[in-house]
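Chains, contacts and geometry: an overview
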Amino acid sequence: MAYVELQGLRREFADVVALDGISLSLEEGEFVSFLGPSGCGKTTALRLVAGFDRPDAGRIVVDGKDMTRVPPNRRNMGMVFQAYSLFPNMTAERNIGFGLKIRGITGERRAQKIAELLELVGLERAAKRYPHQLSGGMQQRVALARALAIEPRVLLLDEPLSALDAKVRVQLREEIRRIQTRLGITTIYVTHDQEEALSISDRVAVLSQGHIEQIGTPSEIYGAPSTPFVAEFVGTMNRLEATVLDGERGEVDHGGVRLTVDAARGRRRGERVLVLVRPELLELSANGAGGENTLTGEVLTHTFLGPVTRLKVLGKDTELIADVSTAQSEALPVGVHVTARVPSTGTRLLTLESKEPGQDGQ
Amino acid sequence: MRKRISAGAVVWLVFAAVFFLLPLFSTLLFSLKSNQTGNCCTLEGYGLIVHDGQFWKTLRVSFVLSLETIVVSLLLLIPTVYWVHLKLPRLRPVISFLALIPFVVPPIVLVVGLFEVFKDSPDWFYAKPYGFLVGAYVILAFPYVYFSLDAGFRSIDVHTLTEASQNLGATWPTTLVRVILPNVRVAALAGAFLTLAIVMGEYTIASLAQFNTFPIYIQYINETKSFPAAAVTLMSFGITWAAMLALLIVGRERPFQVGGAR
Amino acid sequence: MSNVSTLLDQPYRGDFKNSIQISLVTALLGGLLGFLIAYAAIREGTPKVLRTVLTTFSGVAANFAGIPLAAAFIATVGTIGIVTRFLAERGFDLYQHGFSLFSLRGIELVYLYFQIPLMILVIAPAIDGLRREWREAASNLGATPLQFWRHIGLPILTPSLLGAVVLLFGNSFSAYATAYGLTGGFIPLVPIRIGYFYSGDVLSNPHLAEALALGMFVVLGLMMAVYIPLQRISSRWVR
């Protein structure tokens, strides 16, 4: 049975539906990210789990117990806030020890626990410093240690790295994951940064406008987005609008060009679909080598990304994005006409709507 | 937010409402009492006041004094606070400290001091209330005007605005008047209305310096006729309240509160 | 200088004693009540409009001190005040029970009318500075609201609270017009005494007036010396 269950959580504010009845289960020890743009409801959901807000409908069950009516200070969950949550009148070690003090754990036991946690987050030497004497990254480490001190059943993190420098962010997110794995605590991590979510989670739940668009492993979310929103939000994706010509052979028509994609097999003729191709899967060549499954266009811009260069290609009515190795990009300067080959496998198809009358876009 | 008001909060807010409104309410009732019967309900107290020439005369004097104090205060303080915020931020704690002094020094001592300072001033300065009294009132209002302006300047990015303005070719006066001033308008108005409240209620200095202002008139009525005194008290309250409401309305055009806890 | 030593005799010593007593009482009581009311209006759950109303009213009330305030209280709990009458009709004679508006107690009551709003105005920004995250983090870690206040809320607010109380003390100490309006100058307080000397009553002696003023300055100076460091501490945390 799942360790944490969110059942049909619904929350409305004035005239806005922040959460539209979402449901989700987490296994014990699992690290799940809530990913989405601002306003999608991810923080609202987290705050409901933490108890700072009450749902209008739905339940929160942890380890078989219904937590929905339990006040936040009795849920035994550890929360790491985005910023400014350390108590300014206490040193790092007293901040960390606060939860223990409240539980009546004192003296030697407490001191030992605090020392353990300081070591866990690598801040043994900052124990006696006050929050305003610590850098942003250090503050968040203390916040993490503080949340872990009470040995919570569930760890909740609300965009803990948003307020930090890029480099610190990458470093810290890996540490958070490392610590989480070591301690095996069930964790919910809220973020708007897809790279963050994809790199450290067991599963990712993509949210938009109060509902869950897709839940899956990072590679599923990235490689097999199941809705246009996910395809758009996660990673960069080429989206080609097309109409299905032949469902048996997997042929579609994109702007007059016939493309064969495996994903179109089994679709009905006339369906309007979106063909999704990852930039790294488009094969570019400079000579008009034509051939099967190709689109033509002119190179518009080069964006240097290190080992890879991202090319923007202007086709007949679409803009294509192709990632090629930097070495190869030198042979495809701006202004050159290229052909881009769309691979028949490895692309995804999403339904837009059908041309046939009397059918719902489903 | 779904959170409802807590019981404790209700208790204290009700207490506050009762404590603050009761005297006002009593004053109202008092003011409606007739001089003969000592009972409710008549407007003759109000009538007496309104028909008293002294009422209008002193009201006008105090009003003019307020306006003059406001103008002088703002003229002095807006450029000063602007300059301090821009160039001399270290001076801020010093000025904040100075701003607390008039707040806490008894008006009496202020009068004593001021008389000493202005001993050799020309006669016109003393003759009408306008010279000497305005000087005293500017000092009295200084903390309120300063703290309002200070808060206003703190909520805008003085450096960026100034640099942008200069970059586009404006001179100092232009920057001050056309860029900075509109942005501290609300703060300046807040200070102005607080000044109005102060001047309209200031008794001590005016009485010791023997000028005839509105509060002096109120005390005179206070000492001679009790029920009309309540009437005039209520009217002075009403005038100040109206000023404050005006501020609220003007202030609505911009978000009022500087956020702390979200 | 002999004037200064006269200060230590009666009746001036009595004046200082009275002034200090009133100021202490109204500062502490006004501070406590002002804080509780301000917090009630600012905390989560209370409609924001109440805070605006309270702040606006406090802005006026803090300056309401003086003659009009005295008149208002006379109308309320004076010998023929509305409340006095109301209670008398129900069999409770206020003045028989030892209360008098024209005593030190009465002055304290009246002073509260502008001390409490002053406290509200001064402490509101400090309460704003109590970040919501601290409350939530404390709750998340298991603390009850009482525990939050004990370990976090009050320690953080203490410098601001103390500073505000000190300010209230100074404000009360230097108040003149209200006491004058209540008693016509018949109450032994330092500012009133100075007023006597200055306006040529009784023993016209401006130098004694100046010595009294000096005495007041000393008291107020001490007050400032306490207030400034407190302000510095409190601003350190609310960065």
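Residues numbered from 1 in each chain as written. Chains lettered and ligands numbered in written order. Predicted model: local features only at pLDDT ≥ 70, side-chain atom pairs only at ≥ 80, totals over all residues.

**Thoughts on the overall build of chain B**
A count of helices and strands for chain B gives 13 helices and 0 strands. Secondary structure elements of chain B, listed N to C terminal, follow the sequence α-α-α-α-α-α-α-α-α-α-α-α-α. Expressed as a percentage of the 262 residues in chain B, the buried residues total 39%. Nonlocal contacts in chain B, meaning residues at least 24 apart in sequence, comprise 76% of its contacts between residues at least 6 apart. (Helix = DSSP H or I, 4+ residues; strand = E, 2+ residues; numbered from the N terminus. Buried ≥ 20, exposed ≤ 12 C-beta atoms within 10 Å, placed from the backbone. Contact = placed C-beta atoms within 7 Å.)

**Side note on the nonpolar core**
Counting residues in each nonpolar core, the largest one holds 219 residues, and the members touching the most others are Leu156 of chain A, Leu149 of chain B together with Ile123 of chain C. When residues of this core are assigned to their parent elements, the largest contribution, 15 residues, is made by helix H7 (residues 130-154) of chain B. There are two domains that each give this core at least three residues, and those are domain 1 (4-232) and domain 2 (236-354) of chain A. (Core = buried A, V, L, I, M, F, W, Y, C linked by C-beta atoms within 7 Å. Domains from an automatic or database assignment.)

**Here's the deal with the pairing of strand S7 (residues 154-158) of chain A**
Residue and element names in this part refer to chain A. Extensive coverage of S7 is indicated by the burial of 5 of its 5 residues. Every second residue of S7 is oriented toward a common face, with Val154, Leu156 and Asp158 on one face and Leu155 and Leu157 on the other, all of them buried. Bridging between strand S6 (residues 77-80) and S7 involves 4 bridges; their strand directions are parallel. Each bridged residue has a counterpart across the sheet, and for Met79 the counterpart in S7 is Leu156. Pairing geometry for S7 and strand S8 (residues 186-191), over 5 bridges, is parallel. The residue of S8 that forms the bridge with Leu155 is Thr187. A crossover links S7 with its parallel partner S8, the connecting element being helix H5 (residues 166-183), and its sense is right-handed. (Pairing = 2+ DSSP bridges. Right-handed = clockwise from strand over helix to strand, strands pointing away.)

**A word on the confidence of the model for chain C**
Residue and element names in this part refer to chain C. Of all residues in chain C, 71% attain a pLDDT of 70 or more, and the chain-wide mean is 77. Element-level mean pLDDT values for chain C span from 56 in helix H1 (residues 2-6) up to 92 in helix H7 (residues 132-140). We note a pTM of 0.76 for the whole complex and an ipTM of 0.78 for its interfaces. (pLDDT = per-residue confidence, 0-100.)

**Some points on the sheet that holds strand S19 (residues 337-341) of chain A**
Residue and element names in this part refer to chain A. The 5 strands lie next to each other as S15-S19-S16-S17-S18, forming an open sheet whose pairing is antiparallel. Of all the strands in the sheet, the pair left with one neighbour each is strand S15 (283-285) and strand S18 (319-325). Sheet twist, expressed as the average angle between the axes of neighbouring strands with direction ignored, equals 45 degrees. By the bridge criterion, 7 bridges tie strand S17 (residues 308-314) to S18 in an arrangement that is antiparallel. Within S18, the residue paired with Arg310 across the bridge is Asp323. (Axes fitted to C-alpha atoms, helices over the stretch in contact; angles between N-to-C directions.)

**Looking at the pairing of strand S10 (residues 211-216) of chain A**
Residues and elements named next belong to chain A. Strand direction decides the pairing type here: strand S9 (residues 203-208) and S10, joined by 5 bridges, are antiparallel. Each residue of the ladder has a partner; that of Val204, found in S10, is Gly216. The loop that links S9 with its antiparallel partner S10 comprises 2 residues; one of these, Gln209, has a positive phi angle of about 50 degrees.

**Comments concerning the sheet that holds strand S5 (residues 65-66) of chain A**
Spatially, the 4 strands line up as an open sheet ordered S2-S1-S4-S5 (chain A), and their pairing is antiparallel. Each of the sheet's edge strands pairs with one partner strand only, and the pair in question is strand S2 (16-26) and S5 of chain A.

**Brief notes about H7 of chain C**
Here H7 of chain C lies mainly inside the structure; 8 of its 9 residues are buried. Within H7 of chain C, burial applies to Glu133, Trp134, Arg135, Glu136, Ala137, Ala138, Ser139 and Asn140 of chain C. For H7 of chain C, the secondary structure elements touched by its buried residues are helix H1 (42-50) and S6 of chain A together with helix H8 (145-173) of chain C. Backbone geometry just downstream of H7 of chain C places Gly142 of chain C in the positive-phi region, at approximately 110 degrees.

**Let's talk about unusual backbone geometry**
All names here are of chain A. Unusually for a residue other than glycine, Ala14 sits at a positive phi of about 45 degrees. Examined against the element boundaries, Ala14 turns out to sit in the loop between strand S1 (4-13) and S2. The exposure class of Ala14 is exposed, given the 5 C-beta atoms found within 10 Å. Its identity is not glycine, yet Tyr84 carries a phi of approximately 60 degrees, on the positive side. Judged by C-beta crowding, with 18 C-beta atoms within 10 Å, Tyr84 ranks as partly exposed.

**Some details on the environment of Phe147 of chain B**
The residue Phe147 of chain B is located in helix H7 in this model. Taking the C-alpha atoms as reference, Phe147 of chain B lies 32 Å from Phe25 of chain B; in sequence the two are 122 residues apart.

**Section: the confidence of the model for chain B**
Across chain B, the average pLDDT comes to 77, with 82% of residues at or above 70. Here helix H6 (residues 123-127) of chain B is the element of chain B with the lowest mean pLDDT, 57, and helix H3 (residues 53-86) of chain B is the one with the highest, 88.

**What about the environment of Val154 of chain A?**
All names here are of chain A. Here Val154 shows up in strand S7. For Val154, a count of 23 C-beta atoms within 10 Å puts it in the buried group. For the pair formed by Val154 and Ala50, sequence separation is 104 residues and the distance between their alpha carbons is 9.2 Å. The residues contacting Val154, other than those within four sequence positions of it, are Val4, Val62, Met77, Thr186 and Ile188.

**Some thoughts on helix H12 (residues 214-224) of chain B**
Within H12 of chain B, 8 of the 11 residues are buried, leaving the element largely enclosed by the surrounding structure. Taken together, the buried positions of H12 of chain B are Phe214, Pro215, Ile216, Tyr217, Ile218, Gln219, Ile221 and Asn222 of chain B.

**Observations concerning the packing of helix H3 (residues 107-120) of chain A against helix H4 (residues 136-149) of chain A**
All names here are of chain A. Between H3 and H4, the least distance of the axes is 9 Å, while the angle of their chain directions is 140 degrees. By the criterion of interaxial angle, the relationship of H3 to H4 is oblique. Pair H3 / H4 crosses with right-handed handedness. Note on element contacts: H4 touches H3 through Ala145, Leu148 and Ala149, opposite Lys113, Leu117, Leu118 and Leu120. Here the residues of the contact of H3 with H4 sort into 6 nonpolar, no polar and 1 charged. (Parallel < 35°, antiparallel > 145°, perpendicular 65-115°, else oblique. Left-handed = near helix turned anticlockwise from the far one by under 90°. Nonpolar A, V, L, I, M, F, W, Y, C, P; charged D, E, K, R; others polar.)

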